[in-house]
Amino acid sequence: MSFYWIKTNWIIKKIFSNYIWDVSNTENIVYLTFDDGPVPEVTGWVLEELKKYDVKATFFCIGENIKKNSALFKKVINAGHGVGNHTFNHLNGWKTETETYVENTKRCEDVIQSNSNYTLKSKLFRPPYGKLKRAQAREIRALGYEIIMWDVLSADFDTTIAKEKCLDNVLSNIKPGSIIVFHDSIKAFKNLEYVLPKTLAFLKNNNFQCALL
């Protein structure tokens, strides 16, 4: 597995200060996010876990998955969760021409709206893999999007780490304002199934509130 930050380094946040990495507050508020869905094998389970704790989260969805699973996407929205754009085909910005990348992002926005009659209350974009060229970022912001990154990466997608390590990645790094990344994907489910319920219990027991971005 290639290198990645669990806790995003402050230097990275400073260099890319026009991206949103966390949301400072003094009210013990954190922000749960889920990337790559919706997928039937995982997203429905995530919704049930969130419902148990009356927690709202933001789902950064792949347009192709929305198109395949429109009814499930509507369940996400009807449950009161937020949604964001994660491109139509989960593109790696570093490996994609800017024009292609922007058009793929627009295609995802179109499918979000056409499959749900949902008007984006706030336009949120998260680049797959966290990889985005400066020119792409400029174009995405010109479309009215805020670029949402993260403060804490659970690394649930990493099949080489133990589920206990995945949980520690989250619990040892949470602070007020943290944007936390999970994945509602088949690849991540082995870790997510263990980590998410324990994270939700930890947040409740430690008086954290979860809010939408």
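This one's a predicted model, so the numbers in the text were calculated from it and none came from an experiment.

**Q** I'm lost on the side chain of D35 in this one. Help?
**A** Along the chain, the position of D35 falls in strand β1 (residues 29–35). Engagement of the side chain of D35 in a polar contact is seen with the side chain of R126, the distance being 2.7 Å. Residue contacts for D35: discarding those within four places in its chain leaves F60, H86, R126, V181, F182, H183 and D184.

**Q** I keep staring at the pattern of salt bridges and nothing clicks. Help me out?
**A** Any two side chains of opposite charge can pair, on the condition that their charged atoms come close. Evaluation of the coordinates by the stated rule reveals seven salt bridges. Here R126 ties to D35 by a salt bridge, and the two come within 2.7 Å at their closest N and O atoms. Of this pair, R126 sits in the loop between β4 (124–125) and α6 (134–142) while D35 sits in strand β1, and the two are 91 residues apart along the sequence. Judged on exposure class, the residue R126 and its partner D35 are both buried. The salt bridge involving K106 is made with E103; its shortest N-O contact spans 3.5 Å.

**Q** Looking at this model, I keep getting lost on the nonpolar core. Mind explaining?
**A** One broad trend across soluble globular proteins is that nonpolar side chains are buried collectively. Judged by nonpolar contacts, the single largest core of 61 residues is most densely connected at L32, F34, L50, F59 and F182. Dropping the residues within four chain positions of it, F59 is found in contact with F34, T43, V46, L47, L50, V76, H81, G82, V83, G84 and D184.

**Q** Explain the packing of helix α5 (residues 98–114) against α6 to me, please; I cannot follow it from the model alone.
**A** How two helices pack is summed up by the angle between their axes together with the distance between the axes. At their nearest, the axes of α5 and α6 sit 9 Å apart, and the two run at 35° to each other. For the pair α5 and α6, the sense of crossing is right-handed. Residue-level inspection shows T98, Y101, V102 and T105 of α5 in contact with α6, the latter providing A135, Q136, E139 and I140. Across the contact of α5 with α6, the residue classes break down as four nonpolar, three polar and one charged.

**Q** Could you clarify how one ought to interpret the environment of I174 in this entry?
**A** Secondary-structure assignment places I174 in the loop between α7 (163–171) and β7 (179–183). Look at I174 and you get buried, because its relative accessible area is 13%. Residues contacting I174, with those up to four places away along its chain left out, are V30, V152, I180, F202, L203 and F208.

**Q** What is the right way to look at the state of the cysteines in this model?
**A** Throughout this description, disulfide means a covalent bond between two cysteine sulfur atoms. All told, the structure shown has zero disulfides when counted by the stated rule. The thiol of C61 is not disulfide-bonded; the next cysteine sulfur, from C108, is found 7.4 Å away. The thiol of C166 is unpaired, and the distance to the nearest cysteine sulfur, on C210, comes to 16 Å. Residue C166 is classed as buried on the basis of its relative accessible area of 0%.

What counts as what
Residues numbered from 1 in each chain as written. Predicted model: local features only at pLDDT ≥ 70, side-chain atom pairs only at ≥ 80, totals over all residues. Heavy atoms only, no water. Helix = DSSP H or I, 4+ residues; strand = E, 2+ residues; numbered from the N terminus. Polar contact = N/O pair within 3.5 Å; in protein donor to acceptor, adjacent residues only side chain to side chain. Contact = heavy atoms within 4.5 Å. Salt bridge = Lys/Arg side-chain N within 4 Å of Asp/Glu carboxyl O. Buried < 20%, exposed > 50% of the residue type's maximum accessible area, 1.4 Å probe, protein only. Core = buried A, V, L, I, M, F, W, Y, C linked by side-chain atoms within 4.5 Å. Axes fitted to C-alpha atoms, helices over the stretch in contact; angles between N-to-C directions. Left-handed = near helix turned anticlockwise from the far one by under 90°. Nonpolar A, V, L, I, M, F, W, Y, C, P; charged D, E, K, R; others polar. Disulfide = S-S within 2.5 Å.

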